[in-house]
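# Coordinate inspection notes
Each chain, written out:
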Amino acid sequence: MSGAVALADEYWQYHRSTAHMWNIDRGDVDQVEHWEDFSPTGVAARVERLNGFAQRAEGMTAGDLSDRERTMLGALSFSASATAATLPFARDLALVAGPFNFATFLSVFVPDYALVTRRHGDGYIAKLRSLPSFVDGWIAGLREGVASGRVATARGVAAVVASFDALLETDLADDPLASQSPPTEASEAERDAWRADVLDAIRDAARPAVARLRATLHDEVLPAARSDEQAGICHLPGGVDAYRKLLWASTSTDLTPDAVHELGREQLALLDDEYRAIGPAAIGIDDPAQVRDLLRTDAALRYDTADEIIADAVAALARAEAEAPRWFTRLPSARCAAVAVDAGALAYYTGPSPDGGRSGTFFVKTADPSAWTRYQLEVTTFHEAIPGHHLQVALALELDLHPIVGQHEVMSYSEGWGLYAERLADEMSLYSSPLQRLGMLTLDSLRAARLVADTGLHALGWTRDDAITFLVDHTAQRRDNAQQEVDRYIGDPGQATSYMVGRLEMQRLRREAEDRLGILFSVRDFHDVVLGNGMTPLGELARTIHAWIDRQQGPALPDDH
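Structural notes, computed from the coordinates. (Residues numbered from 1 in each chain as written. Predicted model: local features only at pLDDT ≥ 70, side-chain atom pairs only at ≥ 80, totals over all residues. Heavy atoms only, no water.)

Here we come to the pattern of salt bridges. Opposite charge on two side chains allows them to pair when their charged atoms are near. For the coordinates displayed, the defined rule picks out 43 salt bridges. For the salt bridge of D67 with R543, the shortest nitrogen-to-oxygen distance reads 3.8 Å. With D67 in helix α4 (residues 67–97) and R543 in helix α23 (residues 538–553), the pair connects residues that are 476 residues apart, well separated along the chain. The class for D67 is partly exposed, based on a relative accessible area of 45%. Between R91 and D92 there is a salt bridge, with the nearest N and O atoms lying 2.8 Å from each other. Accessibility assignment for this pair places R91 and D92 in one class, buried. Linked by salt bridges that have partners in common, E505, R508, E512, R516 and D550 make up one network. (Salt bridge = Lys/Arg side-chain N within 4 Å of Asp/Glu carboxyl O. Helix = DSSP H or I, 4+ residues; strand = E, 2+ residues; numbered from the N terminus. Buried < 20%, exposed > 50% of the residue type's maximum accessible area, 1.4 Å probe, protein only.)

This is the structure:
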């Protein structure tokens, strides 16, 4: 075993043994009983260890390495450093008031394990019974955050407090944690006994812990929280420098906040030209602002029922599955399902569980069907499922890749691919009408506007209302949807910039490959290279693509040939 692989193995084992919120997201049954350590000492120890891994990886890159080893070490170094930079903010901001806050984790992700064995079932009960220990450590961490001035906004804290109130008022049998399916190997009698133990654990351990966390958020964090006028972290002590680090962690580039801000404005201007081109065929209007306004306000363009939303998502997914072989030589064996949920973000994807017990899942929030426009469901399906995240994540799990690049997410790569997939779906003729192609533009507008709004909030001192107004003026979002979007940026600084930055780099690399290879260029081969090396920072992706181009071109000929 090479030193690079040994270090990667060590890091992966450490990551899996500490990053349990990530394990919950993936439905990692082997880690089912564990929670993350968000205590002050726990976070400090992890930050030190993560930075140590990054330094060791960087020290190896000067050695004699294979291309795969070099890519793996580059991803390791970046991921360890990025996690170290974001961890305190994830604990004190994103998990408190981000789109995937802890109330959402409890309602959606924790009770979604594919339990098989009795040991798995015992692990789930142990998880519920150990929730008080996790909460007590997190409360100590939140108090450290308050003392240092690293706090969420009052609006965000109040919203999660309300979510906990609703959870605590639910009948015990209807508690989301009780919705976990029992182990499939258990007998009927064992399943009944297991369900009774789950309810006991919720009543005796989980609910008192949630009540204690709720009280801490309400009584200690909320009074210290920021106002809507100071929504960005530039208003926190050291917040300007912190945002630069978070922006780097999200984009895997050295782009400054100002550069990201201007990039967003440039993309919005280019999109106006596309609205003028597609608008007449879709809705008979060519003025970009008028197009967006009609899309935003026409009630006929909104869904009425959850069943219709899921049916349309399933139909779009089936078209994409049928067309994908023409654009990819390798496709995952794992299927993707579209599933309705009532909590969390409007749409999101989780990959297959590592043991194969859970398929890839495209979650569609249908609690309010009118929140979904008919022209944005297709593009969202292509982003989250096929040819987007499902191909990227499920294929990485099935290839012979080290988990560092196969399973450890790099946001600019992952979300960049999802946004690239929206445009690729247009090349694949997957959109069913000009209106659906307009939907593609509206989400492009949103991702471009995110570059402006996120940097505006966290670097330029915009208020929450400044950011909401900008989104309404430059996208097809209703004001209530724009409010949810902006609250996401406030709760998870920098994350929303990863989409467009990553997409633009992938498109740039494809254009470079097309220009340099000419008739030798194959889009299927290009996609195989992008997806075949796993999730890497954008610099490593560029190095991989350049090496592939060089191999395709063959050895250079002598000058006198």
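With that settled, the discussion passes to the sheet that holds strand β3 (residues 360–365). Sheet architecture is open: three strands sit in the order β1-β3-β2, paired in mixed fashion. Of all strands in the sheet, those with a lone pairing partner are β1 (336–341) and β2 (347–350), marking the two edges. Along the sheet, successive strands turn relative to each other by an average axial angle of 25 degrees, direction set aside. Of the pairings in the sheet, the one linking β2 to β3 comprises four bridges and is antiparallel in character. Looking at the pairing, T350 lines up with T361 of β3. (Pairing = 2+ DSSP bridges. Axes fitted to C-alpha atoms, helices over the stretch in contact; angles between N-to-C directions.)

Okay, the nonpolar core next. What tends to happen in soluble globular proteins is that the nonpolar side chains get buried as a cluster. Counting residues in each nonpolar core, the largest one holds 182 residues, and the members touching the most others are F102, Y124, F164 and L217. Among the elements that make up this core, the one with the highest residue count is α4 (14 residues). (Core = buried A, V, L, I, M, F, W, Y, C linked by side-chain atoms within 4.5 Å.)

Attention now moves to the side chain of D175. With respect to the helices, strands and loops of the structure, D175 is situated in the loop between α8 (154–169) and α9 (188–221). The exposure class of D175 is buried, given its relative accessible area of 2%. Reaching out from D175, the side chain makes a polar contact with the side chain of R207 at a distance of 3.0 Å. Those residues in contact with D175 that lie beyond four places of it in its chain are L167, T170, I202 and R207. (Polar contact = N/O pair within 3.5 Å; in protein donor to acceptor, adjacent residues only side chain to side chain. Contact = heavy atoms within 4.5 Å.)

Here we come to α23. Taking 1.5 Å per residue, 16 residues should reach 22 Å; α23 reaches 23 Å between its end C-alpha atoms and fits that length. Within α23 the residues assigned to the buried category are L538, E540, L541, A542, T544, I545, A547, W548 and I549. The inward-facing, buried residues of α23 abut α4, α10 (239–251), α17 (411–427), α21 (498–517) and α22 (523–532). Positive backbone phi, at 80 degrees, marks G554, one or two positions downstream of α23. (Expected span 1.5 Å × (residues − 1).)

A rise of 1.5 Å per residue sets the reference length of helix α11 (residues 257–283), with its 27 residues, at 39 Å; its end C-alpha atoms lie 36 Å apart and thus fit the reference within 8%. Of all bends in α11, the biggest is about 35 degrees, found at A277, and the proline P280 comes one to four residues later. For α11, the set of buried residues is P257, V260, H261, L263, G264, Q267, L268, L271, Y275, I278 and G279. Where α11 is buried, its residues touch α10, α12 (288–297), α17, α18 (434–458), α19 (464–474) and α21. One or two residues past the end of α11 sits G284, with phi positive at roughly 75 degrees. (Bend = angle between axes of the 7 residues up to and from the residue.)

Another aspect to go through is the packing of aromatic side chains. Counting across every chain of the model gives 25 aromatic pairs. Ring centres of F521 and F526 lie 6.0 Å apart, and the angle between their planes is 45 degrees; this geometry places the pair in the tilted category. Overall, F521 belongs to the buried group, its relative accessible area being 17%. For the pair F521 and W548, a centre-to-centre distance of 6.4 Å together with 75 degrees between the ring planes defines the contact as edge-to-face. Pair noted here: F521 is in the loop between α21 and α22 and W548 is in helix α23, with a separation of 27 residues, a long-range link. For the pair formed by F521 and W548, the shared burial category is buried. A network of ring pairs unites the aromatic residues W35, F38, F102, F134 and W138 as a single cluster. (Phe/Tyr/Trp six-rings, centres within 6.5 Å; stacked < 30°, edge-to-face > 60°.)

Turning our attention to the layout of surface pockets. Its volume calculated, the second largest pocket comes out at about 340 Å³. Along the walls of the second largest pocket sit 15 residues, with V108, P111, D112, Y113 and S179 positioned nearest its centre. Residue composition of the lining of the second largest pocket, by class: seven nonpolar, five polar and three charged. (1 Å grid on protein atoms, 1.4 Å probe; cavity = no way out; pocket = protein on both sides within 12 Å on 5 of 7 lines; lining within 4 Å. Points joined across faces, edges and corners; volume = space filled by probe spheres on them. Nonpolar A, V, L, I, M, F, W, Y, C, P; charged D, E, K, R; others polar.)

Think of two packed helices as two axes; the pair is described by the angle between the axes and how far apart they sit. Where helix α3 (residues 40–60) contacts α4, the axes come no closer than 8 Å and their chain directions differ by 160 degrees. It follows from the interaxial angle that α3 and α4 lie roughly antiparallel. Here α3 and α4 pass one another in a crossing that is left-handed. Residues P40, V43, R46, V47, L50, N51, F53, A54, A57, E58 and M60 of α3 form the contact with α4, whose own contacting residues are L73, L76, S77, A80, S81, T83, A84, L87, P88 and R91. Here the contact of α3 with α4 is composed, by residue class, of 14 nonpolar, four polar and three charged. (Parallel < 35°, antiparallel > 145°, perpendicular 65-115°, else oblique. Left-handed = near helix turned anticlockwise from the far one by under 90°.)

Below, the discussion takes up the environment of S250. Inspection of the secondary structure puts S250 in helix α10. When its relative accessible area of 8% is taken as the criterion, S250 is described as buried. Between the C-alpha atom of S250 and that of L7, which follows or precedes it by 243 residues, the distance is 24 Å. Each residue touching S250, except ones within four places of it in the same chain, is listed here: M411, S412, P493, G494, Q495, T497 and S498. Of the polar contacts made by the side chain of S250, one reaches the backbone nitrogen of Q495; its length is 3.3 Å.

Time to look at unusual backbone geometry. A cis amide bond, omega 10 degrees, links I386 with the succeeding residue P387. The topology assignment puts P387 in the loop between α14 (377–384) and α15 (389–398). Phi at S252 is positive, roughly 55 degrees, even though this residue is not glycine. For S252, the location among the structural elements is in the loop between α10 and α11.

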